[in-house]
Amino acid sequence: MKIILATHNRDKEKELQISLKGMNIEVLSLFDFPEIGDIEETGTTLLENSLLKSRLVFRKTGIPTIADDTGLEVDFLNGAPGVYSARYAGNNVSYKDNVNKLLIELNGIPSEKRTARFRTVITFVDENQELSTEGHIDGVISESIKGAGGFGYDPIFFVPHLGKTFAELSSIEKNKISHRGIALQKLRKILINVLI
Ligand code: IMP
């Protein structure tokens, strides 16, 4: 069978593809459907944004669709940037702009107050059902960037029990423990029962 990953983000596409390996599924993404274009994330929660993407792509293509929406919740900032993580430093900004803004906002704040978590909501929509799963991971926002892997806020997301930032992990190591990896492992378990 075919599944579409409703994303234009090559980094997410890569991670999602790794997690769905071995399921005998042909995985497509929005790069295979250029006519769909960018989908505006107008929701105020991760679930709303994720569902908005999976419903729209399924309606337009008739192919079962998976979408994710992710936020970085920083406790000192009362959960910001959260659902607005992609646009934290403004519209059409780079990963680096967002990372720099967060480092400036937390400048001088001691490590015990720099706690944060990544949260992902993944949704799956086909003709029979709408499913959703969630994953999160706790960490600490480091004071400077470290590591060359991953994407987005990974170089400043420090995982205390590993003593490393997400950007210092291989994609396989990250997928095992990450917000998106956990949400996908849960979805995978449900899909195996529902689709086969
Ligand atoms: P989105 O709205 O789900 O595309 O994600 C919001 C923003 O969060 C993205 O632009 C990335 O900067 C960041 N982000 C999402 N997933 C990750 C991740 O796994 N690591 C680091 N940053 C991420």
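Heads up: these notes are all about the structure in this document. Note that the structure is predicted; figures quoted are calculated from it, not measured.

**Notes on the packing of aromatic side chains**
Summed over the entire model, instances satisfying the criterion amount to 4 aromatic pairs. Their ring planes at 50 degrees and their centres at 4.5 Å tell us that F118 and F157 sit as a pair that is tilted. Of this pair, F118 sits in strand β5 (residues 115-125) while F157 sits in strand β7 (residues 157-159), and the two are 39 residues apart along the sequence. Residue F118 shares its accessibility class with F157, and that shared class is buried. Geometrically, the ring pair formed by F118 and F166 is stacked, given 5.9 Å between the ring centres and 5 degrees between the ring planes. In this pair, F118 is assigned in strand β5 and F166 in the loop between β8 (164-165) and α4 (171-177), connecting sequence segments 48 residues apart. For the pair F118 and F166, a shared accessibility class is recorded, and that class is buried. Taken together, the aromatic side chains of F118, F157 and F166 make up a single cluster linked through ring pairs.

**Some thoughts on helix α3 (residues 95-105)**
Among the residues making up α3, those that are buried are N98, V99, L102 and L103. Looking down the long axis of α3, one finds its buried residues gathered within 135 degrees of arc, a one-sided arrangement. Facing away from the buried side of α3, by more than 90 degrees, are the exposed residues K96 and I104. Taken together, the buried residues of α3 touch β3 (65-74) and β6 (130-141).

**Focus on the pattern of salt bridges**
Applying the stated criterion across every chain yields a total of 14 salt bridges. Among the salt bridges present, the one from D138 reaches R117, with a minimum N-O distance of 2.8 Å. Taken together, the positions of D138 in strand β6 and R117 in strand β5 put the pair 21 residues apart, joining distant regions of the chain. Relative accessible area serves as the criterion here: at 44%, D138 is assigned to the partly exposed category. Owing to a relative accessible area of 16%, R117 belongs among the buried residues under this scheme. Three or more residues are tied together by salt bridges with common partners; here these are K12, E15, D68, D154, K174 and R180.

Rules behind the numbers
Position labels on residues start from 1 in each chain and follow its written sequence. Only residues with pLDDT of at least 70 are given local features in this predicted model, and only at 80 or more are side-chain atom pairs given and counted; all residues enter the totals for whole chains, interfaces and linings. Hydrogen atoms and water are omitted, and side-chain values are computed over all heavy atoms in the structure. We call Phe, Tyr and Trp rings a pair once their centres come within 6.5 Å, taking the six-membered ring for Trp, and we label the pair stacked below 30 degrees between planes, edge-to-face above 60, and tilted otherwise. In this description a helix means any DSSP run of H or I spanning at least four residues, a strand means any run of E spanning at least two, and both kinds are numbered starting from the N terminus. For every residue, the accessible area (1.4 Å probe, protein chains only) is compared with the maximum for its type, and the residue is labelled buried under 20%, exposed over 50%, or partly exposed between those bounds. Directions are taken from the helix axis to each C-beta atom, and the arc is the one they span. Contact definition: two residues touch when any of their heavy atoms are within 4.5 Å. We define a salt bridge as a contact between a side-chain nitrogen of Lys or Arg and a carboxyl oxygen of Asp or Glu at a distance within 4 Å.

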